Every structure is written in structure tokens, then in C-alpha cells.
Amino acid sequence: MILFSFFGSLMLAGIVAFLFEKWAWTHNGIIPSVLIAFGAVLVLYFLRALFGFSLGSPGVTAILGSAAALILIPTEYANRRRQGRKRR
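Here is a short report on the structure shown in this document. It should be emphasised that the depicted structure is a prediction, and the values quoted were computed from it without experimental measurement.

The rules behind these values
Residues numbered from 1 in each chain as written. Predicted model: local features only at pLDDT ≥ 70, side-chain atom pairs only at ≥ 80, totals over all residues. Heavy atoms only, no water. Helix = DSSP H or I, 4+ residues; strand = E, 2+ residues; numbered from the N terminus. Buried < 20%, exposed > 50% of the residue type's maximum accessible area, 1.4 Å probe, protein only. Expected span 1.5 Å × (residues − 1). Arc of directions from axis to C-beta. Contact = heavy atoms within 4.5 Å. 1 Å grid on protein atoms, 1.4 Å probe; cavity = no way out; pocket = protein on both sides within 12 Å on 5 of 7 lines; lining within 4 Å. Points joined across faces, edges and corners; volume = space filled by probe spheres on them. Nonpolar A, V, L, I, M, F, W, Y, C, P; charged D, E, K, R; others polar.

1. With respect to unusual backbone geometry
Glycine aside, a negative phi is what most residues show, and trans is what most peptide bonds show.
Right, on to step 1. For Ala24, which is not a glycine, the phi torsion comes out positive at approximately 60°.
Right, on to step 2. Secondary-structure assignment places Ala24 in the loop between α1 (2-22) and α2 (30-51).
Right, on to step 3. Residue classification places Ala24 among the partly exposed residues on the basis of a relative accessible area of 45%.

Shown next, in the form of C-alpha cells:
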């Protein structure tokens, strides 16, 4: 059952990352967004396993964690990359 929640969390992170790119909330590309979301879900999953920290069920934790990472982390990098293209 533990592996099911782990892989389910990763699957939800991939779906959230894809939807964020499709709805143009982020502009990183699908692969970088999926990797960012996977990283956030891994961190939250390990925090849940090691320290008991959770935001609810594993699915809710995966959705909130990946959405927060996609909103917070790549904003500066993506903005710098877009501005670099405009200058050329």
C-alpha cells in the first residue's frame, strides 16, 4: 500500500505539472515542470514518512505540494529566460 500512495503521488504531480503548462500558469516547458513537481512531491512524501508531517491524504499533499513548487520555484528562472530571449 505504501508504494501505491508513492507512485500515485508522483502521477498526480505529473498531471498537475502538465495542467499548469497547458493552462499557461507556468512557462517552463512540460519536462522541467514535471521534474519540479516530482521533486516537491518527493520532499513532502519523505517528510510524511520520517516526521509525520502531512497536509491531509497523500493525494492532497501531492497536489498542494506540486502546485506550490510550480508557482514559487521557477518564477525567477523562467522570467530571466524570457527576458534573455527578448534582448537578442
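2. Quick notes on α2
Counting along an α-helix, one turn takes 3.6 residues, and residues three or four places apart therefore face a common direction.
Right, on to step 1. Between its terminal C-alpha atoms α2 stretches 31 Å, which fits the 32 Å expected from 22 residues at 1.5 Å a residue.
Right, on to step 2. Those residues of α2 lying buried are Ser33, Val34, Ala37, Ala40, Val41, Leu44 and Tyr45. All buried residues of α2 project into a common sector of 135° when viewed along the axis, lining one side. Among the exposed residues of α2, those pointing more than 90 degrees away from its buried face are Ile31, Leu35, Val43, Ala49, Leu50 and Phe51.
Right, on to step 3. On its buried face, α2 sits against α1 and α3 (58-72).
Right, on to step 4. Gly52 lies just past α2 and shows a positive phi near 80°.

3. Considerations on empty space enclosed by the protein
Right, on to step 1. Under the definition given, this model contains one cavity of 30 Å³ or more.
Right, on to step 2. Approximately 60 Å³ is the volume attributed to the largest cavity.
Right, on to step 3. Considering the residues around the largest cavity, the lining is formed by Ser9, Val41, Leu44, Tyr45, Arg48, Pro58, Thr61 and Ala62.
Right, on to step 4. Elements with a contribution of two residues or more to the lining of the largest cavity: α2 and α3.
Right, on to step 5. Looking at the lining of the largest cavity element by element, the count peaks at four residues for α2.
Right, on to step 6. Residue classes in the lining of the largest cavity are distributed as five nonpolar, two polar and one charged.

4. Here we look at α1
Right, on to step 1. Across its 21 residues, α1 extends 30 Å between first and last C-alpha, which sits within 8% of the 30 Å expected from 1.5 Å per residue.
Right, on to step 2. Among the residues making up α1, those that are buried are Phe6, Ser9, Leu10, Ala13, Gly14, Val16, Ala17, Phe20 and Glu21. One side of α1 carries all its buried residues, which in axial view fall inside an arc of 165°. Exposed residues on α1 whose side chains face more than 90 degrees from its buried face are Phe4, Phe7, Met11 and Lys22.
Right, on to step 3. Check the buried side of α1 and you find it contacts α2 and α3.
Right, on to step 4. One or two steps after α1, the chain reaches Ala24, where phi turns positive at roughly 60°.

None of the figures reported here should be taken as evidence of function without further support.
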